[in-house]
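Summary of structural features
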Amino acid sequence: MTLLDLSSTQFFATADGRDLATDATFDVINPSTGHVFAQAPAVTPEQLDGVFAAAQRAYRDWKRDDALRRTVLLAAAAAVEGAVGELAPILVAEQGKPLADARGEIFAAGAWLRYFAELDVPREIIRDDAERFEEVYRRPLGVVSAITPWNFPITLAMWKIAPALRAGNTIVVKPSPYTPLTTLALARVLRGVLPDGVLSVVTGPDPLGAALVSHPIPRKVSFTGSTPVGKRVAVAAAEDLKRVTLELGGNDPAIILRDADVESVAASLFWSAFGNNGQICLAVKRVYAHEDVQPALVEALGELARSARVDDGMVEGAQLGPLNNKPQFERIKGLVSDAVDGGARVVSGGHAIDRPGYFYAPTILDNVDDSFRVVREEQFGPVLPVMAFRDEDEAIERANNSEYGLTASVWSADAAHAAAIASEIDSGQVSINGHGGGVKMHLPFGGHKWSGLGVENGPWGLASFTEIQVISGPSRLR
Ligand code: NAD
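These lines cover the structure that appears in this document, whether it is placed above or below. (Residues numbered from 1 in each chain as written. Predicted model: local features only at pLDDT ≥ 70, side-chain atom pairs only at ≥ 80, totals over all residues. Heavy atoms only, no water.)

**Section: helix 3 (residues 84–95)**
Because each turn of an α-helix spans 3.6 residues, side chains separated by three or four positions in sequence point in the same direction. To be explicit about the condition: By definition, any uninterrupted DSSP run of H or I lasting at least four residues is a helix, any uninterrupted run of E lasting at least two residues is a strand, and each is numbered from the N terminus. A helix is expected to span 1.5 Å for every residue after the first. Accessibility here uses a 1.4 Å probe with only protein chains present; expressed as a share of the type maximum, an area under 20% marks a residue as buried, one over 50% as exposed, and anything in between as partly exposed. Any two residues whose heavy atoms approach within 4.5 Å are treated as being in contact.
Under the 1.5 Å per step criterion, the end-to-end length of helix 3 is 16 Å for 12 residues, consistent within 8% with the ideal 16 Å. Within helix 3, 10 of the 12 residues are buried, leaving the element largely enclosed by the surrounding structure. Those residues of helix 3 that are buried are in contact with strand 3 (24–30), strand 4 (35–42), helix 2 (66–82), helix 4 (99–118), helix 5 (153–167) and helix 6 (181–190). Positive backbone phi, approximately 105°, marks Gly96, located one or two places after helix 3.

Laid out in structure tokens, this is it:
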């Protein structure tokens, strides 16, 4: 086992293309040990004035040269891909995920930069004749504040950085205090590749996040995190009519129809629920299986849960790491004990793993219904309740009976029938015979209801970092 020793490495915030000195630091814990392994810079809300002023200065030139932005983002993609070996172990150390997953996350960041570099910022000429010229143009907003959670610090930052910069904005990113280091290191990698001030990364304990929202310079806040905090961000941003994109929580249902082949569904369903230890906004969080297949499905999922290899993310062969942080670890313990008290049958797991760190055994629960907290609330961890339904209308109603509406899935031997059911589900994406298959750089991703506001990715995500402007006048032909 190789634990990364970063105790003597100094991490710095990046502002205006340079180190930003701070008076204080804060602890970063490795969730595989439960011990502090590094210090991150504690940027104060007062220091944001200088950070945002530099971002605003950089905006003046950055917004003007579309061709330069393309070239620079391609160079940034190459720089990120070249730094996978350096960045991935830092991500494992602070987040807990297996090294292969961490490497995949960094590679994907490069791919996102490349995709947006090649995407056009639309300019639509509506009229261009002997009389008039009319054009609808997508203008950048200015400086963007980006705030991210701890489950996919790099993926979710890049969903903001790549389109925001492509559109001509500059950006200040604040990662979660649980996972500050990889984002700081990413900004370090991109120094000298991006012009100074175009990308800044600041870290610190909250209320730094709130200060990024209330600061007068940013014109947009792009936030990924929990629904309660997202609502606070919306209220604070409204004071200044800042534009917002909110990617929030989910309680994603998977509906397994009577004709589904349990054997082939089980493995895919299992990893859709337990990937990243269930700490994915769009993980399957509750299963509704037809009563004819539910018993066999429960047992197949239980078997998969028992055989999944849970270990320190740096250990070769680890499939699942620890939960990211103590509050989340305690929350999962609480949700399972609440379910057991209510009469749930623990098919597998149901307990913390007896070792240091925040390890919890992958848990499948039977004998639960929609009144249980583990079904009603977003668990965001390695616990999956598997319930039975009798008819499809009931399954649709129960799937929709949630404040959330991020993604969902329908599983059946009859894909056309599954698609008809999918259209009844109120969520941003519905996958057939898979879960989360629509999470791609070219497709819009966003939640309905309490799962968010607006979308990221694709041309729609790019557009969300722009404001429409009409330019009209006399004919250009004269
Ligand atoms: P969180 O809401 O606690 O924190 C998210 C970020 O917001 C952190 O950087 C935090 O420091 C910052 N923050 C805290 N208070 C703030 C305030 N008042 N103003 C501005 N920023 C503030 O979420 P978390 O625990 O880090 O992440 C887990 C949650 O994120 C889950 O609910 C999960 O579903 C959600 N999530 C959603 C998506 C999505 O795309 N829809 C993706 C990943 C995670």
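**Brief notes about the pattern of salt bridges**
For clarity, the threshold we go by: The rule for a salt bridge is simple: a side-chain nitrogen of Lys or Arg has to be within 4 Å of a carboxyl oxygen of Asp or Glu.
One pass over the structure, following the stated rule, counts 31 salt bridges. When the shortest N-O distance is used, the salt bridge between Asp240 and Lys242 registers 2.9 Å. The closest approach of N and O atoms between Arg373 and Glu377, which form a salt bridge, is 2.9 Å. A relative accessible area of 23% places Glu377 in the partly exposed class. Ionic contacts of the salt-bridge type, sharing partners, join the residues Asp66, Arg69, Arg70, Asp120 and Arg166 into one network.

**Thoughts on the site of the ligand**
Rules: Residues are counted as near a molecule or strand when any one of their heavy atoms sits within 4 Å of it. Counted as a polar contact is a pair of N or O atoms within 3.5 Å, where, for protein atoms, one must be capable of donating a hydrogen and the other of accepting one, and residues adjacent in sequence contribute only when both atoms are in side chains. Reported accessibility uses the Shrake-Rupley method at a 1.4 Å probe radius. Residues are deemed covered only where the shown protein chains occlude them. We call Asp, Glu, Lys and Arg charged. Ala, Val, Leu, Ile, Met, Phe, Trp, Tyr, Cys and Pro are nonpolar, and the rest, Gly among them, are polar.
Taken together, 30 residues lie around the ligand, and Thr148, Asp206, Ser226, Leu248 and Glu378 are the ones closest in. For the ligand, an oxygen atom lies 2.7 Å from a polar atom in the backbone of Thr148. Contact with the protein chains removes 88% of the 850 Å² of surface that the ligand exposes when unbound. Looking at the shell around the ligand, the elements that each hand over two or more residues are helix 7 (208–214), strand 10 (220–224) and helix 8 (227–238). Here the residues of the shell around the ligand are counted per class, giving 16 nonpolar, 9 polar and 5 charged.

**Here's the deal with the sheet that holds strand 16 (residues 383–389)**
Threshold: In this scheme, strands are said to pair when DSSP sees at least two bridges between them. To obtain an axis, a line is fitted to C-alpha atoms, over the contacting stretch when the element is a helix, and the angle between two such axes runs from 0 to 180 degrees between their N-to-C directions.
As summarised here, the arrangement of the 7 strands in space is 14-15-16-13-12-18-19, forming an open sheet in which the pairing is mixed. Unpaired on one side and paired on the other, strand 14 (345–348) and strand 19 (429–432) mark the two borders of the sheet. Averaged over all pairs of adjacent strands, the angle between their axes in this sheet comes to 25°, without regard to strand direction. The pairing of strand 18 (residues 407–411) with strand 19 spans 4 bridges and is parallel. Bridge pairing links Thr407 to Gln429 in strand 19.

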